[in-house]
Amino acid sequence: FGYDKIDSELPPSNQSGEHHPKELKTRKLRRALQALGFDEAISFSFIDISHDNQFELIPEFSGRDPEQAFVALKNPISENEVRMRPTLIPGLLSSLRHNLNHGVRNVRLFETGRIFAKSDEDLPNEREALALIVTGGASEENRAQAQREVDFFDLKGSLEAAVAAMNRGPLRFTTAQVKHLQEGQSARILLADGTTLGSLGRLAEWVSDAYKFRQPVFV
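Keep in mind the model is a prediction, meaning the values are calculated, not measured. (Residues numbered from 1 in each chain as written. Predicted model: local features only at pLDDT ≥ 70, side-chain atom pairs only at ≥ 80, totals over all residues. Heavy atoms only, no water.)

1. Structural notes on the overall build of the protein
Point 1. A count of helices and strands for the protein gives 5 helices and 10 strands.
Point 2. C-alpha atoms of the protein, sized along the principal axes, occupy 70 × 45 × 45 Å.
Point 3. Taking contacts inside the protein between residues at least 6 apart in sequence as the whole, the part at least 24 apart equals 59%.
Point 4. Accessible surface computed for the protein: about 14100 Å², of which carbon and sulfur atoms make up 48%.
Point 5. Of the side-chain charges in the protein, 27 are positive and 31 negative, and the distance between the mean point of each set is 3 Å. (Helix = DSSP H or I, 4+ residues; strand = E, 2+ residues; numbered from the N terminus. Contact = heavy atoms within 4.5 Å. Areas by Shrake-Rupley, 256 points an atom, 1.4 Å probe, with all protein chains shown as cover. Lys, Arg positive; Asp, Glu negative; His and termini not counted. Charge placed at Lys NZ, Arg CZ, Asp CG, Glu CD.)

What follows is the structure, given as structure tokens:
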């Protein structure tokens, strides 16, 4: 008959389209964070190997020894981007550095996206992840200028508000030592059953120095 003679059209349906429940929750998450002054960042899924030992990964995500969980590309598009990201933090730190280099001191960013870990199968494991980063002055209602710097509790409150907007939670927080976070200003994020979801706190000085940050950063 000929492919060129077949019309392109949607199949008939009596029902209107609708969003998947997961997408509806993601929209609620975005709206909640945007209402709190966050902007959404979108980063590449490929990162440099210099990040391999920079961040502590979540065991429930990587599923094995973190040093054995990295996914390398066989044909990378750039010599500096050979890893599939195991965390969203490197992309947000690069975005923060870009803002600070252009004179934007007060920054609130979030990102959702896939992270990757090596598996026993041919394809890597993929998980949806969320990351937040804040630095600079704290925005307060009815004030034209910030009166104080953001702190640990500003970021914790933003995370809890975002989770509540999706009708999830409540979350648990426990003090912890996390490789890329400042000791005494860091915590683990857990579900009610004890499952570790992530970490929260001030970026460690040795990581901040590597990015040449001159003000406290919370991730």
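On we go.
2. Here's the deal with unusual backbone geometry
Point 1. Notably, Asn 167 is not glycine yet its phi reads approximately 60°, a positive angle.
Point 2. With respect to the secondary-structure elements, Asn 167 resides in the loop between helix H4 (152–165) and strand S7 (172–175).

3. Things to note about the packing of aromatic side chains
Point 1. Tallied over the full model, the rule gives 2 aromatic pairs.
Point 2. Seen in terms of ring centroids, Phe 152 and Phe 153 are 5.3 Å apart; in terms of plane orientation they differ by 80°. Their pairing is edge-to-face.
Point 3. On the basis of relative accessible area, Phe 152 is assigned to the buried category, the value being 16%.
Point 4. Each ring, one from Tyr 211 and one from Phe 213, has its centre 5.4 Å from the other, and the planes form 15°; the classification is stacked.
Point 5. Classification of Tyr 211 by relative accessible area gives buried; the value is 6%. (Phe/Tyr/Trp six-rings, centres within 6.5 Å; stacked < 30°, edge-to-face > 60°. Buried < 20%, exposed > 50% of the residue type's maximum accessible area, 1.4 Å probe, protein only.)

4. Comments concerning the nonpolar core
Point 1. Formed by 23 residues in total, the largest nonpolar core has its most connected members in Leu 93, Ile 133, Leu 203, Val 207, Phe 213, Val 217 and Val 219.
Point 2. The set of elements that each furnish at least two residues to this core consists of helix H3 (89–101), strand S5 (107–117), strand S6 (125–135) and helix H5 (205–211).
Point 3. Residue contributions to this core peak at 4 residues, all from H3.
Point 4. Once you skip the residues sitting within four places of it in the chain, Val 207 turns out to touch Gln 54, Phe 55, Leu 93 and His 180. (Core = buried A, V, L, I, M, F, W, Y, C linked by side-chain atoms within 4.5 Å.)

5. Considering the side chain of Ser 208
Point 1. Here Ser 208 lies in helix H5.
Point 2. Overall, Ser 208 belongs to the buried group, its relative accessible area being 8%.
Point 3. Sequence-distant contacts of Ser 208, defined by excluding residues within four places in its chain, comprise Leu 203 and Phe 213.

6. As for the pairing of strand S9 (residues 196–203)
Point 1. In terms of burial, S9 is largely enclosed, as 6 of its 8 residues are buried.
Point 2. Across 6 bridges, the pairing between strand S8 (residues 181–190) and S9 is antiparallel. If you follow Ala 187 over to S9, its bridge partner there is Leu 200.
Point 3. Hairpin connection, S8 to S9: the antiparallel pair is bridged by 5 residues, and Gly 194 has positive phi, about 95°. (Pairing = 2+ DSSP bridges.)

None of the figures reported here should be taken as evidence of function without further support.
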